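A look at the structure
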Amino acid sequence: MCSFFSNRARLRLVSRLGSLRYGAARRTIPHAAHRTPHAHRTHAARRTHAHRTPPPSPALKPLPAYCQPRSCLAFVRGPVSLISETHSHSRNSFPKLIPETVPKMKKYLLTAAFAATLLLSARAMSPDDRAAYLHWMQQSLPDVPAWTAWQQTTATLPPDFDALPRSNLLPDPLRFLDGRPVPDDTPAAATAGWAERRAEILALFEKYVTGTFPPKPQITRVEILDENTAAGCTTRNVRIHFGPDGKGSVRVRLVIPDVGTATAPNQATAPNAAAPSGKLPALICPNLPGWSQLLVRRGYISVGYAGNDRMDDAAPLRELYPDYDFATLPRRAWLAQVVLDYMETVPQIDMRRVAIFGYSRDGKMASIAAALDTRISALIAGSTGVGGLLPWRFSGERGGGEGIESTTRMFPDWFAPQFRFFSGREDRLPVDANLIIALIAPRAVLSEWGNNDQVANGWAIEQAHASAQKVYDHLNAPAGRLGLLHVPGFHGSNDTGACVDWLDYQFDRTSKKWTNDWVFPWSFEKWLAQTAEKIPPAGSPALATPRAAIQWMLGDAPPVLPPSTDAVMPMRRGPAPSVLDVAQGRAANPGQLAPDVPAWVIAAGGQEYGWLAPEKNQVSSRRIRFGENITGDLYYPAGTSAGKKLPAVIWLHGYHYPLGYMWVYRRDLHPILALTRAGYAVLAYDQTGFGTRYTEAAPFHDRHPRWSRLGKMVEDVRAAVDTLAKNELIDADSISLFGYTLGGAVGLHAAALDERIAGVVSISGFTPMRTDTAGRGASGATRHSHLYGILPRLGLYAGNEKDIPYDYDDLIAQIAPRPVLIVQPRRDRDAHPDDVRDAIARARRAYEKSNAPASLALQEPDDYGRLTTATQDAAIEWMQENINHE
C-alpha cells in the first residue's frame, strides 16, 4: 500500500491530515440557526458557574472502533469531476458533480490516514496536554449535561490543536490543509485539483462538525397519502419509505401548478422560462407548506418535507443508522437526498432547476443539504447564523453574536459533540462558512440577512462570499452565481419575493439583472490605487514623534466646527424620549426612520442579551446627541439625587455589526449594567459602521479617502467627552473609557491624544503590531487595513511590520501617568499574550518615569478572548480603586 507514495508525499499527507487519533474524518458540513435566545439560569448561578469544581477527567480509554483510521475513510465517496451536460455557459446550464469510483483516490486517502497514525507531528499535543485542556473546559465553560455525558461515555479528548494550522483568517478554499495550492495549470488540472480539495473539505466537516453520514439509501416504497386539484394546481401528500427494511420514512408535499396555466415570466423577455417539455422549476423547503402560495403564482413547484423542529422525520435516523454519528441538522440535510430521488420521478419537475431554501436553523440545514447533493442547483440561505453562511471565526463573543460555545451549549444536538472542543479555538478549525459555499460551487448561492439581525453579521457574511468567489473563478463559473440580499429589520426579516426574483435570474426566467448591494465593499488595493498613498520619507515631521505618528496613521481628518450654541431642533418640544422609555412602551420615538436597536434589545430582554434583573430595574437613562449627529444613551443609577456628580464611563463596543453597543448570546451581565451597578454613569453609542450606523462604512473612504474609520472613532470619543464634560450629571474630571476588542484599541488611541480622559480599561484590545506578522495565526497587523478597513495607512507596512512608526507600548506611554488597565486573556486567539506582556513592560518605563508605576496594570485571566462576569468584575474593581472614584 505505502509503495504508492514517496516518503516526501507521506510526510506531506501527515502534515495535511494531522493526527487521526481523534474522531472520525467526515464528509459534510455545518449547523443550524436560531430564534430568540432562551435557556434561563439564575443570576447567582450565572455568577458562580465559572468557579465550580470541575468533574474529574475520565481515565484515558482505547478509542472506540468508529474513531480508528480506516473508519474515517469509509465514506469519503471518491473524487468528483465537473462534467457539464452542455458546453454552453448560460446560467441555466448547471454542471453536474458526478461521483466516480477511483481506486487511486481511495488508496491515496487510506495511505494518508495510515501515515498520519504512525508519524505524528513534532508539535503534537500529548494525551496529558489534551486531558489538561479538557479539564480547563470543564472548569471554565458553562456545563452542558448532554455534552458532559457524551464526553464521559466516550472518553474523547480534544483534538491535537497543535497539529492543525492556526489562522484567524478564513481558510483558503484553494489550498489544501497541508498548504499546497490547488493546481490550475490546465483546465483538467484545475478540475481534478478541486475535486481532491472538495473531498478533503467534506471529510474535514464530517470529522469536526457534522458527524459521519451513511451512504444515500434506496427508496423502497412511495405511499400516496392524498391528492387533490383546485385553483389551477395539484396538491399531493406522500410518505417515502427508504433505508434498512424500509424503516425510514419522510413526508413530502408537492404543490404543482398546471403547466399550461401557471403564471410565469414573460416568454418574450425570458424565452427559457420553461423547458421545452413544459417542466417547471422547484423550490424545496424543510416544512410541508413551504412557499406554496407564492411559488404557484410565480410558476414554481413547491416541495416541502418534514425536516424541521415542528415536524422532524429525520429524528429516527440516528437509531436507524447506529454506526454513523451525524447530528440533528446534518441528518435533516441528509434526508433531502431522499426527497430529491423522489422528485426525479415527478414528470413536471425540471431537475436542472431545483433550489432549496431555509431560514435561521433551517438555513444551516439547507446549506449542508446543498453542499451534500449536487442536484440542488441553487441555495437560498436566509439568516443562517453560524453553521451556515456566517463564519465561526468572525462570530462568538468577539463578534457580538452566536458562536461555537453558545451554539453547542444552547443546542447541543445540532452538531457533532466534538465540535464544542473548538470553543475559543476557532483559529484551529480547518473549515468555515466560506468552505460551505465553496462546496456548492459552481452552483448558485444567495445569502440573505437583516441589517440589524442579531443572528447575522453582514460584514462576516460578505467576507465568506468574497472568499468562496475564488472557487467559482477557479471553475470558470458564469458570473453572478453568488448573490447577496440584505433587508431591513432584525432576525426574521425575509423578502421572499426578492428571493424568487433572484431564482428567476439564476434559472434564466427573467431578463432583469441581479446586482449585489455590498454593505461593506472595502478593498485596500482599490483604496491604495485611488490615493497613491506612500510612507512619509525618513525625517518627516509626520513621524517625528509617537504622537505625530499616531495622528498620521489615523489619517487626515476634515475640519470640525465647534458645536453651535443656537442650534434648534425643528418641531422638538422637550428632551427626546429615553431608550428605556421607548423600550418599555412609555413613549414613541418621534421621527424614527430606522430601528431603535438598543430599545428593541432591552424590550426583547432574555438571558442571552445580558440585560438582566435586578440590575435592569435599577437604571435610568437619557438620550443625548453629540458630535456629528450621533445618538447616544446615558445610563446611570436610578434614584441619583439632583446635583450629584457621577464618574462617567464611555462604553466602547467591539466588532458587533448588527447590534452595535448592545450584545447577544452572552449570558453575563451587560457591561453597561455592571458599570451602573458600581456607581458610574455610562455613555453608550454605536461606533461608525456598526449597529444603527452600519451604513456609514460603505461610503466612508469615498468621502474621506485620506482619513480612517479608526480616526473617526477616536473623534467620536473626543466629541463624547466634550458632551459629558458639560452634562450636569457628570464629574468632568472623571471620564474614563471601557473598551472590548475593537473598543479597547479605540480607547487607547483616544486616551493617547486626549488628556481629559482619566483612565482606560482595554480588554482583548490589541496585540503589538510590529510582531503581529503574517503566518503567526492572529490575522496579522494588516487585519486593520486589509480585512476590517479601519486603518488603511497601516497596510503600507505589510511585510515590513517592524517599521510601523508606533506600537501599543507607545500609545500606553502617551497616556502615562493616567491609569491604564490591560486585560489580556492567556488563551486569546486574536493576540500573542507574551508580546502583550512585553509591550506592557516597555510602557511601564514611562509610568516609572512619572512616579506612577502602579497606574499601569495587566490582568491575564486563564481564558480565551471573551468578557466573562469574573473578568468584567475584576476590571471594574480595579477602576474603582484607581480612577478618581470616591
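What this report covers is the structure whose coordinates are included nearby. The structure presented is a predicted model; accordingly, all values stated were derived computationally and were not measured.

Within the protein, the secondary structure is distributed over 26 helices and 19 strands. Within the protein, the fraction of its 886 residues that count as buried is 61%.

In this structure, V303, Y635, I650, V717, F738, L748 and I812 are the most contacted members of the largest nonpolar core, which totals 225 residues. At ten residues, the largest contribution of residues to this core is made by helix α9 (residues 328–343). In terms of nonpolar packing, the next biggest core, distinct from the first, is built from 20 residues, F357, A444, L446 and V487 among them.

What the nine strands build is an open sheet, ordered β3-β4-β5-β7-β6-β8-β9-β10-β11; its pairing is mixed. Strands with a single pairing partner mark the edges of an open sheet, and in this sheet they are β3 (219–230) and β11 (482–487). Averaged over all pairs of adjacent strands, the angle between their axes in this sheet comes to 20°, without regard to strand direction. Relative to strand β4 (residues 233–242), β3 runs antiparallel, the two being bridged by ten bridges. Along β4, the bridge assignment pairs A230 with C233. α9 rests against β3, β4, β5 (248–257), β6 (280–285), β7 (301–305) and β8 (349–359) of the sheet, and its axis sits at about 120° to β4.

Turning next to the packing of helix α13 (residues 433–440) against helix α14 (residues 458–474). In contact at an axis separation of 8 Å, α13 and α14 are set at 35° when each is read in the N-to-C sense. Considering the relative orientation of α13 and α14, their crossing is right-handed. Contacts between α13 and α14 pair A433, N434, I437, A438 and I440 from the former with A464, H465, S467, A468, V471 and Y472 from the latter. Among the residues making up the contact of α13 with α14, the classes are represented as eight nonpolar, three polar and no charged.

Turning our eyes to something else, we now look at the sheet that holds strand β17 (residues 760–763). Spatially, the eight strands line up as an open sheet ordered β12-β13-β15-β14-β16-β17-β18-β19, and their pairing is mixed. The open sheet has two edge strands, β12 (619–626) and β19 (856–859), and neither has a second partner. Pairwise comparison of adjacent strand axes, ignoring direction, gives a mean angle of 20° for this sheet. In this structure, strand β14 (residues 646–652) lies alongside strand β16 (residues 730–740), joined through six bridges in parallel fashion. Each residue of the ladder has a partner; that of L652, found in β16, is G739. Across the sheet, helix α25 (residues 833–849) touches β18 (820–823) and β19, and the angle it forms with β19 is around 165°. Relative to β17, helix α26 (residues 869–882) is tilted by about 160°, and along the sheet it contacts β14, β16, β17, β18 and β19.

Turning our attention to the pattern of salt bridges. Taken as a whole, this structure holds 55 salt bridges when the rule is applied. Where R623 meets D596, a salt bridge forms, and the shortest distance between an N and an O atom there is 2.7 Å. With R623 in strand β12 and D596 in the loop between α18 (579–583) and α19 (597–604), the pair connects residues that are 27 residues apart, well separated along the chain. Take R623 and D596: they sit in the same class, and that class is buried. Measuring nitrogen to oxygen at the nearest pair gives 2.8 Å for the salt bridge that ties R827 to D862. Taken together, the residues span a long stretch of sequence, with R827 in the loop between β18 and α25 and D862 in the loop between β19 and α26 at a distance of 35 residues. Assessed through its relative accessible area of 27%, R827 is described here as partly exposed.

If you trace the backbone, D453 turns up in the loop between β10 (444–450) and α14. Notably, D453 is buried but unbridged: the nearest opposite-charge side chain belongs to K364, and the N-O separation is 9.8 Å. For D453, the side chain forms a polar contact with the side chain of H491, separated by 3.0 Å. When near neighbours in sequence (up to four residues on either side) are disregarded, D453 contacts Y359, S383, G489, F490, H491 and P658.

Moving on, we come to helix α23 (residues 742–753). Under the 1.5 Å per step criterion, the end-to-end length of α23 is 17 Å for twelve residues, consistent within 8% with the ideal 16 Å. Within α23, twelve of the twelve residues are buried, which leaves the element mostly enclosed by the surrounding structure. Regarding α23, the residues found buried are L742, G743, G744, A745, V746, G747, L748, H749, A750, A751, A752 and L753.

Taken as a whole, helix α17 (residues 546–554) has its buried residues at A548, A549, I550, W552, M553 and L554. G555 sits one or two residues past α17 and shows a positive phi near 105°.

Take the packing of aromatic side chains next. Counted by the stated rule, this structure contains 37 aromatic pairs. Measuring from centroid to centroid gives 5.9 Å for F213 and F326, while their planes differ by 70°, and the two rings are edge-to-face. With a gap of 113 residues between them, F213 in the loop between α6 (187–210) and β3 and F326 in the loop between α8 (317–320) and α9 connect regions that are remote in the sequence. Classification of F326 as buried rests on a relative accessible area of 0%.

To continue, consider the environment of G865. In this structure, G865 sits in the loop between β19 and α26. For G865, a relative accessible area of 5% puts it in the buried group. The spacing of G865 and I763 is 102 residues in sequence and 8.4 Å in space, taken between C-alpha atoms. Residues within four places of G865 in sequence aside, it is in contact with E397, R398, Y740, S764, P825 and D828.

Counting through the fold element by element, R352 comes out in strand β8. The class for R352 is partly exposed, based on a relative accessible area of 32%. Through-space distance from the C-alpha of R352 to that of A282 is 9.5 Å; in sequence the pair is 70 residues apart.

Moving on, we get to the packing of α6 against α13. The interhelical angle for the contact between α6 and α13, taken along N-to-C directions, is 130°, at an axis separation of 10 Å. As judged from the angle between their axes, α6 and α13 are oblique. Note that α6 runs across α13; the crossing there is left-handed. Touching W194, R197, R198, I201, L202 and F205 of α6 are L435, I436, A438 and L439, all from α13. Here the contact of α6 with α13 is composed, by residue class, of eight nonpolar, no polar and two charged.

The next thing to look at is unusual backbone geometry. Among all residues save glycine, negative phi is the norm, and among peptide bonds the norm is trans. A cis geometry characterises the amide bond from A441 onward to P442, with omega recorded as 5°. Relative to the assigned elements, P442 resides in the loop between α13 and β10. Cis peptide bonds are those with omega within 30 degrees of zero, and the linkage from A816 to P817 qualifies with 5°. Along the chain, P817 falls in the loop between α24 (808–815) and β18. The phi dihedral of D245 is positive, around 55°, even though this residue is not glycine. By the element assignment, D245 lies in the loop between β4 and β5. For D245, a relative accessible area of 72% gives the class exposed. For A532, which is not glycine, the phi dihedral falls at a positive 55°. The residue A532 is located in the loop between α16 (524–531) and α17 in this model.

Along strand β13 (residues 630–637), seven of the eight residues are buried, which leaves the element largely enclosed by surrounding structure. Linking β12 back to β13 in an antiparallel pair, the connection comprises three residues, with G627 at a positive phi of about 55°.

Looking along a regular strand, one sees side chains alternate from face to face of the sheet. The buried fraction of β6 amounts to six of the six residues, a majority that puts the element mostly inside the structure. Sheet topology note: the β6/β8 ladder contains four bridges and is parallel. By the bridge assignment for β8, L280 is matched with I349. In this sheet, β7 lies alongside β6 in parallel orientation, the contact comprising four bridges. Looking across to β7, one finds that I284 is bridged to V303. Read from β6 through helix α7 (residues 292–297) to β7, the crossover connection turns out right-handed.

Definitions and cut-offs
- Residues numbered from 1 in each chain as written.
- Predicted model: local features only at pLDDT ≥ 70, side-chain atom pairs only at ≥ 80, totals over all residues.
- Heavy atoms only, no water.
- Helix = DSSP H or I, 4+ residues; strand = E, 2+ residues; numbered from the N terminus.
- Buried < 20%, exposed > 50% of the residue type's maximum accessible area, 1.4 Å probe, protein only.
- Core = buried A, V, L, I, M, F, W, Y, C linked by side-chain atoms within 4.5 Å.
- Pairing = 2+ DSSP bridges.
- Axes fitted to C-alpha atoms, helices over the stretch in contact; angles between N-to-C directions.
- Contact = heavy atoms within 4.5 Å.
- Left-handed = near helix turned anticlockwise from the far one by under 90°.
- Nonpolar A, V, L, I, M, F, W, Y, C, P; charged D, E, K, R; others polar.
- Salt bridge = Lys/Arg side-chain N within 4 Å of Asp/Glu carboxyl O.
- Lys, Arg positive; Asp, Glu negative; His and termini not counted.
- Polar contact = N/O pair within 3.5 Å; in protein donor to acceptor, adjacent residues only side chain to side chain.
- Expected span 1.5 Å × (residues − 1).
- Phe/Tyr/Trp six-rings, centres within 6.5 Å; stacked < 30°, edge-to-face > 60°.
- Parallel < 35°, antiparallel > 145°, perpendicular 65-115°, else oblique.
- Right-handed = clockwise from strand over helix to strand, strands pointing away.

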